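Chain residues, written in single-letter form:
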Amino acid sequence: MLTSIAYAAAGNPGAAGDTGGIFASFVPLILMFVVFYFLLIRPQQKRAKQHREMLNALKKGDYIITSGGLLGRIVDIDGDIFTIDLGDTKVRTPRSYVSGTYDPKNLDTVANENPEK
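Thresholds applied
Residues numbered from 1 in each chain as written. Predicted model: local features only at pLDDT ≥ 70, side-chain atom pairs only at ≥ 80, totals over all residues. Heavy atoms only, no water. Salt bridge = Lys/Arg side-chain N within 4 Å of Asp/Glu carboxyl O. Helix = DSSP H or I, 4+ residues; strand = E, 2+ residues; numbered from the N terminus. Buried < 20%, exposed > 50% of the residue type's maximum accessible area, 1.4 Å probe, protein only. Pairing = 2+ DSSP bridges. Axes fitted to C-alpha atoms, helices over the stretch in contact; angles between N-to-C directions.

Draft legend 1. How the structure looks around the pattern of salt bridges. One pass over the structure, following the stated rule, counts 4 salt bridges. When the shortest N-O distance is used, the salt bridge between Lys 60 and Asp 76 registers 4.0 Å. A residue pair is termed long-range when its members are at least 10 positions apart, and Lys 60 in the loop between α2 (18-57) and β1 (63-66) and Asp 76 in strand β2 (residues 71-78) qualify at 16 residues. With a relative accessible area of 55%, Lys 60 lands in the exposed category. Residue Asp 76 is classed as partly exposed on the basis of its relative accessible area, which comes to 32%. Salt-bridge contacts for Asp 85 lead to Arg 73; the nearest nitrogen and oxygen are separated by 3.6 Å.

As structure tokens, then:
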């Protein structure tokens, strides 16, 4: 008697209606992947592409910021190694350590506007 109740509760495993149940169980997983793609993965790929394009466009005379926080001007490029003029010192750094570029005129203006220093 208990086996017949368990069999009735489980339903008929060979019925055609079970395929809709299997699909319905994957819908939330698919929706979560779509949300993660548009909120996390795609924006990160766009930022990485912009950074890669910026690195490829660098040339002598550009002002750069390294990932360590050094601000300087590129004076020589030897493959993937930049020689950066920091004022009194020249430093060699790999291309991958460059985090961005800056305009020295705007940087001076921002520093002069801060009255706390």
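Further notes follow.
Draft legend 2. View of the sheet that holds strand β5 (residues 98-101). Spatially, the 5 strands line up as an open sheet ordered β4-β3-β2-β1-β5, and their pairing is antiparallel. Of all the strands in the sheet, the pair left with one neighbour each is β4 (90-94) and β5. Strand-to-strand twist across the sheet, computed as the mean angle between neighbouring axes with direction ignored, equals 45°. As paired strands, strand β3 (residues 81-85) and β4 are joined by 5 bridges and run antiparallel to one another. In the sheet register, Asp 85 faces β4, and the bridge partner there is Lys 90.

Such coordinate-based values are descriptive only and should not be taken to indicate function.
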